[in-house]
Each structure stands twice: as C-alpha cells, then as structure tokens.
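Given next are the chains, with one letter for each unit.
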Amino acid sequence: MAHDDPKTLVSTDWLASHLKDPDLRVLDGTWFLPGDGRDGRSAYLAAHIPGARFFDIDDISDHRSELPHMAPPVEKFMSRLRAMGVGDGHQVVVYDAHGLFSAARVWWLFRLMGQDNIAVLDGGLPKWQAEGRPVDDMPPVVRDRHMTVRRQNQMVKDVTQVAAASKLGDYEILDARSPGRFRGDDPEPRAGLRSGHIPGSKNVFYRDLLNDDGTMKDADGLRAVLAASGAALDKPAITTCGSGVTAAIINLALERIGKTDHALYDGSWTEWGAFPTVPVATGDK
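Keep in mind the model is a prediction, meaning the values are calculated, not measured.

## Let's talk about the environment of Leu24
Tracing the chain through its elements places Leu24 in strand E2 (residues 24-28). Sequence separation of Leu24 and Trp14 is 10 residues, and the distance between their C-alpha atoms is 12 Å. Leaving out residues up to four positions away in the same chain, Leu24 has contacts with Trp14, Leu15, His18, Leu19, Gln91 and Val93.

## Topic: the sheet that holds strand E10 (residues 262-265)
One open sheet holds the five strands; their spatial order is E6-E10-E9-E7-E8, and the pairing between them is parallel. Pairing within the sheet leaves two strands with one partner each, and these edge strands are strand E6 (156-157) and strand E8 (202-203). By the bridge criterion, three bridges tie strand E9 (residues 237-240) to E10 in an arrangement that is parallel. Bridged to Thr239 within E10 is Leu264.

## Some details on the packing of aromatic side chains
Counting across every chain of the model gives eight aromatic pairs. For the ring pair Tyr44 and Phe54, a centre distance of 5.6 Å and an interplane angle of 35° mean the geometry is tilted. On the criterion of sequence distance, the pair formed by Tyr44 in helix H2 (residues 40-46) and Phe54 in strand E3 (residues 53-54) is long-range, its members being 10 residues apart. Residue class for Tyr44 comes out buried when judged on its relative accessible area of 6%. With a centroid separation of 6.3 Å and an interplanar angle of 45°, the aromatic rings of Phe55 and Phe110 are classed as tilted. Of the two residues, Phe55 sits in the loop between E3 and helix H3 (74-83) while Phe110 sits in helix H4 (residues 103-112), which places them 55 residues apart along the sequence. Per residue, the accessibility class of Phe55 equals that of Phe110, and both read buried.

## Side note on the pattern of salt bridges
In this structure the tally under the stated criterion is 19 salt bridges. The partner of Arg145 in a salt bridge is Asp23, with the nearest N and O atoms 3.2 Å apart. With Arg145 in the loop between helix H5 (124-130) and E6 and Asp23 in the loop between helix H1 (12-18) and E2, this residue pair connects regions lying 122 residues apart in the sequence. Assessed through its relative accessible area of 27%, Arg145 is described here as partly exposed. Accessibility expressed as a relative area gives 36% for Asp23, which makes it partly exposed. The closest approach of N and O atoms between Asp144 and Arg82, which form a salt bridge, is 3.7 Å. Taken together, the residues span a long stretch of sequence, with Asp144 in the loop between H5 and E6 and Arg82 in helix H3 at a distance of 62 residues. A relative accessible area of 54% places Asp144 in the exposed class. Assessed through its relative accessible area of 39%, Arg82 is described here as partly exposed. A cluster of three or more residues bridged by salt bridges with shared partners is formed by Asp13, Lys127, Glu131 and Arg133.

## Some points on the sheet that holds strand E1 (residues 9-10)
Spatially, the five strands line up as an open sheet ordered E1-E5-E4-E2-E3, and their pairing is parallel. Sheet topology places E1 and E3 at the edges, where each strand pairs with a single neighbour. Sheet topology note: the E1/strand E5 (residues 118-121) ladder contains two bridges and is parallel. Following the sheet pairing, Val10 is matched in E5 by Leu121.

## Comments concerning the nonpolar core
Membership of the largest hydrophobic core comes to 54 residues, with the highest contact counts inside it found for Leu27, Phe55, Phe77, Leu100, Trp108, Phe110 and Met216. Contributions of two or more residues to this core are made by H3, strand E4 (91-95), H4, E5, helix H8 (219-229) and helix H9 (247-256). By residue number, the principal contributor to this core is H4, which donates eight residues. Those residues within four positions of Leu27 in sequence are excluded, and the remaining contacts are Arg53, Phe55, Met84, Val86, Val92, Val93, Val94, Tyr95, Val106 and Phe110. By size, the runner-up hydrophobic cluster in this structure holds 15 residues, among which are Val93, Tyr95, Ala119 and Leu125.

## A few points about unusual backbone geometry
Among all residues save glycine, negative phi is the norm, and among peptide bonds the norm is trans. One non-glycine residue, His69, adopts positive backbone phi at about 35°. Mapping His69 onto the fold places it in the loop between E3 and H3. Positive phi values are uncommon outside glycine, yet Ser268 reaches one of about 45°. When its relative accessible area of 0% is taken as the criterion, Ser268 is described as buried.

## Concerning helix H6 (residues 159-168)
Of the residues making up H6, those classed as buried are Val159, Val162, Ala165 and Ser166. Taken down its axis, H6 places every buried residue within 125° of arc, on the same side. Exposed side chains of H6 directed beyond 90 degrees from the buried face belong to Thr160, Lys167 and Leu168. In this structure, the buried side of H6 is in contact with E6, strand E7 (172-175), E9, E10 and helix H10 (268-272). Downstream of H6 by one or two residues, Gly169 has phi in the positive range, about 70°.

Thresholds applied
- Residues numbered from 1 in each chain as written.
- Predicted model: local features only at pLDDT ≥ 70, side-chain atom pairs only at ≥ 80, totals over all residues.
- Heavy atoms only, no water.
- Helix = DSSP H or I, 4+ residues; strand = E, 2+ residues; numbered from the N terminus.
- Contact = heavy atoms within 4.5 Å.
- Pairing = 2+ DSSP bridges.
- Phe/Tyr/Trp six-rings, centres within 6.5 Å; stacked < 30°, edge-to-face > 60°.
- Buried < 20%, exposed > 50% of the residue type's maximum accessible area, 1.4 Å probe, protein only.
- Salt bridge = Lys/Arg side-chain N within 4 Å of Asp/Glu carboxyl O.
- Core = buried A, V, L, I, M, F, W, Y, C linked by side-chain atoms within 4.5 Å.
- Arc of directions from axis to C-beta.

Quick look at the structure:
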C-alpha cells in the first residue's frame, strides 16, 4: 500500500498540497485521557491546522450509555457532522495533538458509519508543527452538507459477542493497552476495574505500532509487531483497549496491511473489567 492513502493514512506533505481543495475537510480529533488535566477543545482553540473543525469524541457519542464515548446513534452522528459542514463528497483528514492517538478512533467511527473517504494524518499536529507548517486559532466558515450514513454493524462488537469469541477462539482478540495493564501488574486508570485481560487475547501495545515521531510504521513493521504478539492473522480480529480509543490504532494498522475483517470492542476494558460475570486472565498469556 502506498504511504498516502486517502482511506487510511496520509502524510503531512499530502495534506499541505491538498489543504485548499474545496472538498477537503480537516478534523481535529484530539482527546486526552482522564487525569491528564487537559481537554481537546481547549487545545484545538489554542492552535489547529487552518480550516480544521473540532471533533469532540466525548460529545459525539451515545450519552444513553454509562460507558465513556460509546459509538453514537446514526442520527446523532449525521446531525453533528452536518452542523460541522462535513458530508457526502468530502475527503476527510483527521489528526490529533499527540501524533497518532485519538484520531484513529474518529477514523473508525467514520468507517462504522459507512464513510470511507477518511484518512488519519500521519504524525498528527506535532509533525505538522515540527515542519513549520501553519496553524491558527480562527474558527472555520461552516456550510451544512448532508451526510448519508449506512452503519456497518460488523465493525463493532459488544460484551456478549466478545465473551463468545474469547470462549470459542474463532476471533483473534488484540488488546492495545500497555503490557503492564495487560498482565494485570499495573492498576487501571479508572477506579473500580479489575486488572488483567480478556482470556485468550493477545497484547499489541499501540505504541509498538508507531515510530518515535508518532508516525505509523510501514507495512513490514506492522506485520512484525503483530507477529511478535502471536496474533493469527488468518482469523478475523476484534480490537480492545481501555475505552475503545487506542484499539482503533490496531484497526488502522490492520487496514494498512490489507486485513479488512476486523471489528472494535466498543466497551473495552471499562466494561469488561467492571462486568462481574466475565472471566479475567493475568500474566503474559
């Protein structure tokens, strides 16, 4: 796969050359972990790529759920994006202030909603700024654009489906959390959760999929990380993490190597770790 792919990942050079395209829409999908003491909207207001709109992961979610930022109802996604001036016929590029972190979650949400003309900016805002490219703090001019949504239900899994996959072994479950959290050695950042991992899952720490500058590794590098985890790529994959954000980095990586049969466990460990009737494994296996 070529580096610049408008359906998965594009470089800062690609974005710079297309920034004034009339049908390009840039989204800032910055999200911070609870306890970071920062919020994405404030970071966006301070500095963003010219013309970017802010995609609020916590707002554009299912507020009927007690779990954080679960995928929103179709109607809410459509209305929020329309109000942002993003719709049919647009090429979307999403980035975040970390490099490559929460932007992948926004990419996955678009794919879940049947919108595939979206790419993550490789290296995100840090790479863009390190190269001396422009940022501003001005709000964009927004014009409504209708969006057609066809939810792709096969791209998301719930706790019942993941429990069945864990028991039957017919999916490869890939956990993006740190090795310490996966093993159960490190406490979870959210209170009240058990420590450990879904039985049968493999640890693919999301940072291992990235280079030091926050860009994603090339296809050979991604395959090497997945192979080192023991993941069997001949099975369909379910990704998971703490709350469904960094799991999407694995989904993006899988798409980059041409593997399309992957889904995301939206509740992730925030749900599994609090669910009293599902088993928890500890250690490396």
